[in-house]
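Breakdown of the fold
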Amino acid sequence: STSIPLEVDSSVVLPAAGILGDGCTVVITGRWNGTVFHCDDISFPPTETKETSRSAYRGIDLFGNESQPSSNSEDVLVVISQCHFDRQQSLDNLRRVMSEFEGRDESDLLQITFVLIGNFSTMVSVQETPIHMSTSESKGGTFHALRQFSAMVTASVPRVGAHSHFIFVPGPSDASPISGVLPQPPLGDETSVATKLSSSCPKSVFASNPCRLQIACKEFAICRSYFSRSMSAPAVIGGGRAKEGVQPFEHIVKSVVDCRHLVPLRSTNPRVVWGLDSTLSLVTLPDLLIPVSYTHLTLPTKRIV
């Protein structure tokens, strides 16, 4: 491989939105003097629309779902994160949300999909979860929380549980075979929990993190990660973080979308299994990307691209 020495000084123009750092894909313009390339401008690659990408890859399934999805425009997707099933307040809030659908006809309930994102248990700190194999403690906490959720559904919203679809996306602390990494496998199979969920929520699926969904001919990508923390690391070299009127999370989403990767700053995130890097790529943008982060920052209400 050939390397070209770069000269970058304080006069270089950085993008107004997004965060640059080690590992990002960038476009550099400047001047070559024969020995050194002097950078005038560093920017992200131009964002390619999903229509353009799909046209170029016509006939090739890049999303990972070869089956033909339902085209029903009445389908409903409900996404809720930080579902601490072992906290009574969280269960009460979920009960209130799901109760709004309990009185609907069975045909309507069949078109509703609830995506519930962890951590499902509060037993382990969500801020300092290391990479780890599932332990009896983490399994006990996660599956106890799921049993509490199942009991709530049976007692309060049995029709929603019986007819609607439920997708459980694990958080970093939840009891997957290996936790605290991306990609993260689905929750481990615990016979008693699976049996209890099959009776209260028979249309349940334990998904991986990130996960991809196809509903009503639309594609969705959901990822639970420490986006804010990984993009404030020392390796970050700049970008539009200080631009007025742009919220911190908007910069993060801009970086993810332009780099077409859920972890655009590669070297700042030691929690990634790089051998499975392809599962984190967004070769074509989904119709809806839902990045879910844990942060103390005050973020905008709208977190969806």
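For the structure, see preceding data.
Keep in mind that what you see is a predicted model, and the values were worked out from it rather than measured.

1. Points about the overall build of the protein
- Each helix and strand in the protein was counted, giving eight helices and 14 strands.
- Taking all contacts inside the protein whose residues are at least 6 apart in sequence as the whole, residues at least 24 apart take part in 77%.
- Here the protein displays about 15100 Å² of accessible surface, and carbon together with sulfur accounts for 53% of that area.

2. A few points about helix H2 (residues 88–102)
- Compared with the 21 Å implied by 1.5 Å per residue over 15 residues, the 20 Å span of H2 between its first and last C-alpha is a close match.
- Three or more residues of H2 are buried, namely Ser 90, Leu 91, Leu 94, Met 98, Phe 101 and Glu 102.

3. Details of the sheet that holds strand E4 (residues 37–43)
- Ordered by their spatial adjacency, three strands build an open sheet running E1-E4-E3, and the pairing between neighbours is mixed. Looking at which strands have only one partner, the edges of the open sheet turn out to be strand E1 (6–7) and strand E3 (27–32).
- Note: E3 against E4, six bridges, orientation antiparallel. For Arg 31, the partnering residue across the bridge sits in E4 and is His 38.

4. Concerning a nonpolar patch on the surface
- A surface patch of nonpolar side chains, about 540 Å² in accessible area, is lined by Ile 4, Leu 6, Val 8, Val 26, Ile 28 and Trp 32.
- As for its position among the elements, Ile 28 is in strand E3.
- Owing to a relative accessible area of 31%, Ile 28 belongs among the partly exposed residues under this scheme.

5. Thoughts on the sheet that holds strand E10 (residues 204–206)
- Read across the open sheet, the four strands follow the order E5-E6-E8-E10; overall the sheet is parallel. Of all the strands in the sheet, the pair left with one neighbour each is strand E5 (76–80) and E10. The mean inter-strand angle of the sheet, taken between neighbouring strand axes irrespective of direction, is 15 degrees.
- Here E5 pairs with strand E6 (residues 112–117) via five bridges, running parallel. Residue Val 78 lies in a different strand from E6, and its bridge partner there is Phe 114.
- Of the strands in this sheet, E5, E6 and strand E8 (165–169) are in contact with H2, which crosses E6 at around 170 degrees.

6. Thoughts on helix H8 (residues 248–259)
- With 12 residues, H8 should reach 16 Å at 1.5 Å per residue; the first-to-last C-alpha distance of 17 Å fits that figure.
- Across the 12 residues that make up H8, a large majority, nine, are buried.
- By the burial criterion, the buried members of H8 are Phe 249, His 251, Ile 252, Val 253, Ser 255, Val 256, Val 257, Asp 258 and Cys 259.
- Phi turns positive, to about 55 degrees, at Arg 260, one or two residues after H8.

Quick notes on the rules
- Residues numbered from 1 in each chain as written.
- Predicted model: local features only at pLDDT ≥ 70, side-chain atom pairs only at ≥ 80, totals over all residues.
- Heavy atoms only, no water.
- Helix = DSSP H or I, 4+ residues; strand = E, 2+ residues; numbered from the N terminus.
- Contact = heavy atoms within 4.5 Å.
- Areas by Shrake-Rupley, 256 points an atom, 1.4 Å probe, with all protein chains shown as cover.
- Expected span 1.5 Å × (residues − 1).
- Buried < 20%, exposed > 50% of the residue type's maximum accessible area, 1.4 Å probe, protein only.
- Pairing = 2+ DSSP bridges.
- Patch = residues over 30% accessible without salt bridge, like charges linked within 9 Å, V, L, I, M, F, W, Y side chains within 5 Å.
- Salt bridge = Lys/Arg side-chain N within 4 Å of Asp/Glu carboxyl O.
- Axes fitted to C-alpha atoms, helices over the stretch in contact; angles between N-to-C directions.

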